[in-house]
Structure formats: C-alpha cells, structure tokens
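So the chains spell out like this:
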Amino acid sequence: MTKSSTPSPSSNNGWHDFVAGSFAGMAQVAIGQPLDTIKVRLQIENSRFKGPMDCFFQTLKNEGFFALYKGMASPLVGIGAVNALLFATYSRFKSIQTIDPSNNQLSLSKIAIAGAGAGKPYISKHICANELIYLWVKGVVNSILASPVELLKIKMQAQYGSVKTGPTAKDVLLYKGPIDCAQKLLQEHGIRNGLFRGFWATVFREIPGYAGFYSGFEFAKRKLTLYGSNPDNLPPSRLMAAGAFGGVCYWLCCYPLDVVKSKIQNQTNPPKGSFYVFNTLASIYRNEGWKALTRGITPTLINATAQKI
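Residues numbered from 1 in each chain as written. Predicted model: local features only at pLDDT ≥ 70, side-chain atom pairs only at ≥ 80, totals over all residues. Heavy atoms only, no water.

## Digging into the side chain of threonine 225
Piece 1. By the element assignment, threonine 225 lies in the loop between α8 (199-223) and α9 (236-266).
Piece 2. Separated by 2.5 Å, the side chain of threonine 225 and the backbone oxygen of lysine 221 make a polar contact.
Piece 3. The residues touching threonine 225, leaving out its near neighbours within four places in the chain, are Asn230, Pro231 and Leu234. (Helix = DSSP H or I, 4+ residues; strand = E, 2+ residues; numbered from the N terminus. Polar contact = N/O pair within 3.5 Å; in protein donor to acceptor, adjacent residues only side chain to side chain. Contact = heavy atoms within 4.5 Å.)

Here you go:
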C-alpha cells in the first residue's frame, strides 16, 4: 500500500464528523429516552420507587406509555450538535497528538486526553500537568451545549401526570413543554441560575466520562482486532461491541457526578456557593448513603449498551 492511499489523520474531520455526530445523537435519543426517563426519576426520588421496574410500571399505569418519552424534544434537537462537537473535537485532538504520521495509533492515555480535552495548539510527546488543564476546555465547551439541553429534559422528566394535576396533589405540571420551561426559568432566575443551572456539575461529569468512553472504545477496538489488522477497519459487529464497551466505561467513570447533576438541575431554587457540586455530593452521601450515588445505574448501563448496538 502506498503512502498516498492511507487517509491522513485529518481526512475524517470536519463535515463528516458533524453529520455523523448529528445522526448518532438523534438515534441515541430515540432509542434511549425511555430508559433515560427511568434513570432520571430514580436519581431524583429517594423513596417514590422501589427500583427500575417499579418506576417503569408506575409510569405506564399513572401516565401512559408516552410519558417515558417526556423531555425528548430538547435532546432530540440539541444532542446532535453536542455529539457533532464531540466527534469533531475528538478527531481533531487525536490528530494533533499524532507524532508519526505513518503510525497514528496513540497510547490509551493519550486517547483519554483526546476524549476529555481540546483547545491546545500543540501536544508534547508526554502527558504533563499543563496538558491536564486543557481537559477543562473540552468539558466547558461541551457543557455550554449539554447543560441547558439536559436541564430542560430533566425538568420535563421530573413532572408526573399527564393532565394539569398529577397522580397526587403535589404533582402539578409546571411546564407545558421545553420552550415554556426555558421561558419560565429565564424569567424567574435569569440565564446563569435558570437555563445554565448545574453547568459546573455538567463540566465535572463530562471530563472523566468522555475520557473513559474514548479510552474504553479504543481499548476494545484494539482487543477485537485480529493480529496484523487495522483497528480502524473493524467489521460493524465488532465496532458496535467496542462502542457498547465505551458507553459502559463512560458511565462507570462519572455516574455519581451525573446523580449530583440531576439533583441540582431538578431543584426548585438555584444552588448556592462556589462549591455547590461538592456540597451536593456530600449532602447526598450524608442523608441517603453511598447507594444513592448509584441509583438508576442499571437502566443506564443497559441503555449505554443498547444505544451502541
């Protein structure tokens, strides 16, 4: 094979990544929304449901099948842009770290950096402390898109009932839809504490989560590749298996922080203090125990696997 026949690291960037990320994101939402609704309801409720199946059947009984798709409009519109950014940034950051164009297989540690960080004009041969600072850049940029999208989704998923009043007196529907929710949050709390509530909690989740996803994905690809073959040329079945493994790694690396984020974004009032993420984490552990930080992880891991197959 001649050198010119081998794609350069940057040949898969740009619009290919944008389109791939957009369609992948919409497919993820369509497939995973019911399990995501169960996950969120288990995370924010400490006594209402006995477990995932109880949550599922209570939702069907009290609200109907389509209640499992509450909040889908927000991520369906926004997650395409979020995933497009992830695909494009990861591809670009991976190519930046490639020292030898003839051998572009990075170490798993650098794959994790590519997944979690972006924005640096160059990367040295060895991971150093300064490079870790740039992990925050990727987390912040992605959270600008992900945080309001997920906030509106959670607000809709946390509403019980299908009419003006829910199954109990306290279950009053506050929002007619994501647009109405966004307008009311902006009117009552402004941009920072309204639409971007839980922004830093999202940042803290994204960094370890995507480091885990991309390193897990590349690890599985290499393990599933036959000796002498290229990991980038895996058949679809093995590529989907690697994607499922990456999805599981994502949640195992960040799930307690996702519980914290859901709690914060579902609060009636904005969190207070500069260390609200850590304060919320400590409060959950103190009042509900460590198991509360894993509540809802079973449907989440099933969802992470199903979305990649």
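## Some details on the pattern of salt bridges
Piece 1. Scanning all chains against the criterion turns up 14 salt bridges.
Piece 2. Of the charged contacts in the structure, one is a salt bridge between lysine 39 and aspartate 258, with a shortest N-O distance of 3.0 Å. Of this pair, lysine 39 sits in helix α1 (residues 15-44) while aspartate 258 sits in helix α9, and the two are 219 residues apart along the sequence.
Piece 3. For lysine 39, a relative accessible area of 5% puts it in the buried group.
Piece 4. Judged by relative accessible area, aspartate 258 falls into the buried class, the value being 1%.
Piece 5. Look at the salt bridges and you will find they share partners, linking Asp36, Lys39, Glu150, Lys153, Arg205, Glu206, Asp258 and Lys261 into a network. (Salt bridge = Lys/Arg side-chain N within 4 Å of Asp/Glu carboxyl O. Buried < 20%, exposed > 50% of the residue type's maximum accessible area, 1.4 Å probe, protein only.)

## Some remarks on the packing of α8 against helix α10 (residues 276-288)
Piece 1. At a minimum axis separation of 9 Å, α8 and α10 run at an interaxial angle of 80°. In terms of axis orientation, α8 runs roughly perpendicular to α10. Here α8 contributes Phe199, Trp200, Ala201 and Phe204 to the contact with α10, which in turn contributes Tyr276, Val277 and Phe278.
Piece 2. Taken together, the residues that form the contact of α8 with α10 break down as seven nonpolar, no polar and no charged. (Axes fitted to C-alpha atoms, helices over the stretch in contact; angles between N-to-C directions. Parallel < 35°, antiparallel > 145°, perpendicular 65-115°, else oblique. Nonpolar A, V, L, I, M, F, W, Y, C, P; charged D, E, K, R; others polar.)

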